[in-house]
Every structure is written in structure tokens, then in C-alpha cells.
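Each chain, written out:
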Amino acid sequence: MRPSFVHTAESVTAAHPDKLCDRISDAVVDAYLDADPLARVSAECVLANGIIFLAARFASEAVLDLGEIARRATLDVGYGAPELDPRQLSVMTTFGTLAASSRLARLDVDADTVPAGQLVTAFGFACDETRALMPLPIWLAHRVARALHAAARDRRVPGLSPDAVAQVAIRYAGGAPAEIDAVAVEAADWRGDGARTRGFEDAILAEVVRPALAAAELPLAREAALLVNPTGPPEPGGPFRHTGLTGRKLAVDTYGGSARHAGSALSGKDPWRIDRSASYAARWAAKLVVAAGLARRCEVQLSYRTDRARPTSVEVQTFATGERDDADIAGRLAERLDLRPAALARDLGLAGPARVRFAERAAYGQVGGGAPVPGWESTSAASRLSD
Amino acid sequence: MRRQGILVRRLDAVETLGEIETICFDKTGTLTENRMALTHVDVGDGLAEPCGDARHRRLLATAVRASEAHLRPDAADPAADASGTERALVEGARAVGVDLEQLLTTEPRVDFTGRSETTPWVVSRQRGTDGAETLAVKGGPKAVLGLCDRVDDDGAARPLDDARRDALARANEAMGRRGLRVLAVARGDGPAAVDERRLIWLGLVGLADPLRPGMEATMAAFRRAGAATIMITGDQSGTAYAVAEQLDLAGGRPVRVLDAGDIAKLDRETLAALAARTDVFARVSPSEKLAIVQALQDAGRVVAMTGDGINDSPALKAADVGVAMGKDGTHAARAVADVVLESDDVAALEDAIAEGRAIYDNIQRAVDFLVATNLSEIGVSVASSLAGLPPPLTPVQLLWLNLVSDVAPALGLAVEPPAADVLARPPRARDSVLLSRARLARRGREGLVMTAAALAGQLVATRRHGATPRARTLTLSTLVLAQLLHAYSARGGDDAPLWSARRRPNPALHATVLGTLALQAVLPFLPVGRRFLGVVRPSAGDALVAAALGGASLLANELAKIRRETT
């Protein structure tokens, strides 16, 4: 029996500058794929002082207005006058080209002919702490962050900036979440100091934090701390106040630190980039294992080699919760799931006409999200893993 | 420069031209031809350049049928009285082999309906050879698509389903993003096809203001000359990038495009930092050009800016060199510009920059020459008086040296043609001075070498002739010769001996040097010359000594350049 411990996970709203950068990068990928389904593209974004630095490298004939895409994304995450008028944002774009030969000839290629193109190890995780089969701390942090964002958009809390951070600390006992130990929210009041009153923090607590926590169906610790702006209110201003960078919120994108994740950014990469698709694939595989009842916690590790289509290794760790031994489960995954890059792009809905909109999944976890359920969160293939 | 079509309105602008580090080009009218041309068509299989393809011809023939122009097929410009768009279409159709005359005679037009506010399309009704009436429709793609129920597929009409409609709408957007003016073309069987929305979609035509020919090479030439090329345009960033790629504006490295949204709202320091790293300013309104020029200047650049509109005037005025287009430019732009390009061809700026740099180079040469030769004269006088020798030269002789053998070659140096590499080196730093400490030291050394030659001449002369006019003649001849030959040293510059650099001929320099030499040689043989200069007829031996010492002085100064080159 494991002793009691506390795990903290953090989530940020879609308007947090780091997440906005992810969204802009993914909006660029989406736009290229819309205009040219076979386009290769990689986009990176930095946001500082209200200036968006956008580096896009692509192999495509498509001509896109990246400045407009970036401003659109800024508008979409809830910024607007008077706090931040997206039309005022300057966009410095560096356009580069990728080798035209990196393009695929067509979508329905023989998956064996598309090698991984990169040396990559990716991790995926699933556990039965929540219905989404995600670790509870990050799942709950996302709920609070979403609620903060929704409250800012609907103007339910006057002055609440859409750029906010939510942290959730969960006490585990006996290997399972037992109680909510602490919650901290950092949210700016864009009305500035003049209009700010203590009521701002109280409203956030009452309107946003408490209702969001109810979803966890977990008791608050007897001495639980529910904190809003514990170190004083941050300055408002989103991208004018602090910087953003694509791929800096990988723990938010994945498991909130409850499990391993690869170091490379997910956002801004096209479906043919194995460092992106393998992370989704590993989550897919891990979730299938838990959904099929083969384990209650499962981490899947996929390794790819530059010149091969099939993963060079499929590793499974079930933390002593497995119904079968780990090697047996790993063997089933390797045999029964098609993990080649082109197959992933197709089967997980990353490419093709019915593909996911990456930009819409940039915030609140690139894994674990639903509505509509993306390919890598679908458990319809779980039956393949049963005997 | 007048003959290259460059009108310089402020004289010192020529010199500034040589320092230009950044040239901002206004895309429309400067880099482009400022007229519409048919550049793209889309007949359902993607964007293409118009060619002799039967589908392209059918598309363009129908577009011409639906032309608002009053066509005169036999004229050189068959649509002379029409708008730029109409002319471009007619020209484009003719270029792919559409026979305008046949078009008009076989199916004469019966009726024509122009566009209105609610109907953004034109309809031409014509009667075919079989008497049946057909329609040719041209207009805004979205509106025309709404009138179509079928799509032309190599002459046959296929039903237009939703997927097809989406594809056509996307094709229209793709063309629009390229910055093209897009029109849709459709045909109809029977006079009521428009009202019944039963048109057959033929395709899209895209028109643009094409780049002037040779612009890519011109941009490369500016970059080679160390001047960064920047494009300023109202286009959105993607379109601007496509144009920059075509121009190879960034010389192969990734193109950086700044879409500043609202430049006026950016703080000045930030904009300066960004501007220094920008290849293209996209979505810029004319009034924002001033801020861009100032930002580049804040970043420490010497900026030239081209423009033609009234709105460009503030930016042209603020730029270190404002360049107005002469032919199409407005009076306001011309009035504030420093340089007017009469031919509207920015390639002429290359010549202007070369000229500006050459002028500075020549001032440098003349100053180098004058300083060194004058120092040599001072050296001769001071050295001989310090050594207690009798004055080596008379006051008249010194005057003669100053007025003739110094000045004439300097004039020759001032008209030296631009060096072959004048556009292959970076611009001179703005804070560079004509006579730096290092340069002055070199001039001093060169002067000393010439002094030494003259003193050696004096030594030889006093040995041979005592302190006589004959001796002074030899001293004077040596110094004059050394100075005249030094003109060639000054011409070659400080960096390499004169025999290593190939230079364009400068007949003026040869003429002034030879002329002075001839004068110097002839004067002793004329009574008036002898009386005036106080010289005597030199012996052959004296002449030889003078020539040898003068040559040695040149050789010594040139050898010093080699030593500097190797150390």
C-alpha cells in the first residue's frame, strides 16, 4: 500500500500567452491543411510585448494570410477591446520553405512507404481515476481553467481577464485520489487597480472555483486552501504582460506531471510529424488498455526510428495494476494496433477530410479531451485487445 | 546622370546615395508595372498560367465576349478605351490564340447588360450561326456561382454538386489570397439562363499587376552593393511573401514579413528593432510609410525610399534619399523627392548609387593627392633649412608647384570613372571622415618619400653643379615628376599597388599629367619660361636623374602598399 502523498497539476486558460502560441501555431497548421491537404508545415510562435513572432516553414503552394490567422486566434480565445484589441497586434512572420520532396503524393499511401522520419520516443498514459481515463489532478485543473475562461467570456465575473492559471493539489491515499488539498487560481482584473475590490476574488471563488470542483466528487480536505491571487493580483494584459512560447505547456497538454511525456512540442506540427502523432498514439494505446480492462493504470512507450514505419519498440508499464503481465499487453498492442505514421494520421483522424481541428484542441489538454471525441481518445478499438 | 533618366533635385543627395544601406521599395508602381495583366486561370484543375489549352481558350473567349470594351480586333490595342481589367483580359485572350475577329463576326452580340449594385456581373447575349442565342457572363465569383447549376467539363456540362461548389469557392479564395483580382466566367444556353440560374461555370480568371521584368536581378545588385532591399506593400502577408520569394528579396534566407496591424501603436524602439530585421512590411497603408522610414533610421540605417503617390510625400521627405517615380509619380511626390527616376525604372538607382560612391571616392583621391604633394613641398623646404642647405626652390618655383603640378592632376582624379567594384562593396560608414588619422599618416609618409626624392635630386645637383639655378632646376624637375607620378598612386587608392588593380581608363588624368609634364619639359627651352621660373635647360643626364628619382619615389610608395597588404 502506497503512503499518502499530494500531487499538484496546473492548467492554464486558452488565452494564456503560451497556450495562445500553441493555438496560433495549430491554426496555421489547420489553415494549410484546409488549403492543401497534403501540405507539410511546421509553425512556431513567440509572443512578447504584444508582438507575435511567427515562424512558418512549409512545403505547399497555398498562400495564406498568417497575420490574419494569428489575429483570428487571438480573438477566438477571448481577447478583445478594451483589454487587448487583436487588430493592434503586430505579426512578424518568418516564412521558410521545407523541401518539396517532403510532401506526400496522396493521402491513401501505402503506410509501409512512409517512415517515421525522426528518432522519437513518445509516452502515453491512462488511468481509471476519472471517466476520461485521465489523472484526476490535471483533469480537475482543466475543469477549473475552463470554468475561469467561460466566466471571463460570459462576463460573469466583472473584469475577469481570459488569461488565467489554475492549480489543483490532490491528496492520494492508498494509491487513489482521496481529497482536494488545495486550489490556487491566478486571474487578472483588466479594469486595473482603480476598480478592483476584494469582491473580485470572492466572485471567482463562488462563481467559478467551487462549482468546478463539485465535478470531482471528491471531498475538500479539512484544512483545504482555496486561493485566488494568493500573492496579489497579477497585472492585466495577457500577451502584453507576459510572454508566450509554443510548446512550453507540455504538462498541460499531457498528464499534468502524473506520467512521463516527451520533450518536444505537439502544437504547430503537421499530422506527418511522428513526434506529434506518436504522443497521441501512445495515449490511444494506453487508454485502450485501461478501457479493455487489462490494467487500471497504464503507461505506453513507443519508439520510432527515422527510416522505419513500424515502431522499433512498444513498451508497457501497468504499475502492478495489470490483469496480464506488461510484456503480454505490449505484444498485443504491437500486433493488434497499426502504429505506422501514415496509419496513425488516417486512423486517429489527424489527416484527411474528417480530420480534427488542431487549434480547437490546443488548450485544456491535447489528450483526455472530448466533444467531439478525437481518434486517439476513442475506445472503440478496445475490443481488439481482449482475448 | 540626366542621360540615364535620373534627375537629382538636391546635389548632396548624390553623395548620400553612396551611403545608402537600406532601400525601401513601394511595391505598386515601383516593383510592379502599375497595370493589370491576366496572370492566372482556373478551369477546375487548380491555378494555372493561361496557355493555349482548349479549355483556357474557351474560358477566355467567353470572358472577352462578356467584355465591356468596344472591341476593334484589327487595332494594336483592341480595347483601347476600356478599363485596365478589360484590356488585360482581351490582351490575355489574344495571347493564348483567341481570334477576336472571328469571335465577333460568327456570333454577333445582340444585347449587353452591364453590372449594377445588386448584380455584380455583366451579361452579353449573342446569336450563333444556327440562330440560337447564348449568354456569356462575367462577374464576381460568389455571385456568378450562385447563378450556375452546372459546370463545364471539357465542353460538356456536368451538374454542380455541393462538393464542387465548395471546391470552386475555395479556388476563388486561393486566388484572392494571392492578391489577384478574380472574376468568374460562365456561359448559358438560351436568353433566360441568368434569370433561371442555369448557367454553366467555365472557370476563374485572375488578374494582377505584374512585376517589372529584371527586378530580381536589380534587387540582387542592390544587395551586392550592401544595400538591404525592403518591400512595402498593402498586400496581406502571404501574398507579400509570394512576391518577395519571386524577387528573392531576402537573398535565399527565410523571408521576414512584418504585418504590423497598427504601426502607429507600436512603441518606437520596438518598431526600430523589428524594422531592422524585416524584409517585407505587409498590409501597410501609405500613411504608415513615414513610421517605417523613421524606424529604420532609428535603427541606424541610411534609408532610401521610393514612392509615387501624394501619400508617400512625408516618407520621401523623411528618407535620407527620397526617390520619386517620374512618369507615373504625382507632383507632390516629385516635389519632395531628392531624386526623380524619369524612366520609372529603379534599376537606374544602381547607376545613381555607383555615381554617388564614385564621387566620394574621387574626392578622397584628390584630397589624398593634394595632401601628400603639399606635404612633400613643405618637407623639402623644412628639411633643407634644417640641414642648413640653401633654399632648394625659389618662391616662384614653389608657387608653380602649387598651382600647376598639384592642381592639374587633382582635376584629373576628380573625374575618375567609377571602379568596377564600386557596386560590389558595402556602403561607406556614415561617420567615416575624408582624412582619418591613419590616412593622414600615410599621406605624411608618401610626402616624405617625395621629399626624399627631391632632396636626393638636390644632393646630386649640388654635387654636380653647386648651388646654382641648374641645381634648382634638377630639384624642381624631380619634385614635379614625383608629384605627377604620385597622381597614379593616389588613383589606385590605399589598398593595393596601382599595377594590381584593373581600372577603367581615365583620359582626363593622362591628359593633365602629360600636359603638365610637357609644360615642365618645354618651359626651360623658352626664354619666357626660363625667366619666369628661373630654370635652365637641363642636360640629358639631369633629366635622367630626375626621371629615375621620380620613378623611385612612386615605386617606393607603391611597395609600401604591398607591405601593408601583407601585414
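Here, the structure is the one placed above.
Scope of this entry: the structure provided in the associated data block.

Analysis parameters
Residues numbered from 1 in each chain as written. Chains lettered and ligands numbered in written order. Predicted model: local features only at pLDDT ≥ 70, side-chain atom pairs only at ≥ 80, totals over all residues. Heavy atoms only, no water. Helix = DSSP H or I, 4+ residues; strand = E, 2+ residues; numbered from the N terminus. Rg over C-alpha atoms; globule rule 2.2 N^0.38 Å. Buried < 20%, exposed > 50% of the residue type's maximum accessible area, 1.4 Å probe, protein only. Contact = heavy atoms within 4.5 Å. Buried area = accessible area lost by both parts, 1.4 Å probe. Salt bridge = Lys/Arg side-chain N within 4 Å of Asp/Glu carboxyl O. Polar contact = N/O pair within 3.5 Å; in protein donor to acceptor, adjacent residues only side chain to side chain. Nonpolar A, V, L, I, M, F, W, Y, C, P; charged D, E, K, R; others polar. Pairing = 2+ DSSP bridges.

Focus: the overall build of chain A
When helices and strands are counted, chain A shows eight helices and eleven strands. The C-alpha atoms of chain A give 21 Å as radius of gyration, which agrees with the globular expectation for 387 residues (21 Å, within 12%). Dimensions of chain A, computed from C-alpha atoms along their principal axes, come out at roughly 65 × 60 × 25 Å. Among the 387 residues that make up chain A, the fraction classed as buried is 59%.

Details of the interface of chain B and chain A
Opposite the 25 residues of chain B that make contact, chain A presents 24 residues. Carbon and sulfur atoms supply 56% of the area that chain B and chain A bury against each other, a total of about 1,900 Å² over both sides. Joining chain B to chain A, the criterion identifies three salt bridges. When the shortest N-O distance is used, the salt bridge between Asp259(B) and Arg71(A) registers 2.7 Å. At the boundary of chain B and chain A, one finds twelve residue pairs in polar contact (both at pLDDT 80 or more). When residues of the side of chain B that touches chain A are traced back to their parent elements, those giving at least two are helix H7 (162-177), helix H9 (237-247), strand S13 (255-259) and helix H10 (268-275) of chain B. The residue inventory of the side of chain B that touches chain A, partitioned by class, reads eight nonpolar, seven polar and ten charged. Pairing analysis gives five bridges linking strand S4 (residues 90-97) of chain A to S13(B), with the strands arranged antiparallel. Directly across from Thr93(A), in S13(B), lies its bridge partner Val257(B).

Overview of unusual backbone geometry
A positive phi angle, close to 45°, is found at Asn229(A), a residue other than glycine. Along the chain, Asn229(A) turns up in the loop between strand S8 (220-228) and strand S9 (244-245).

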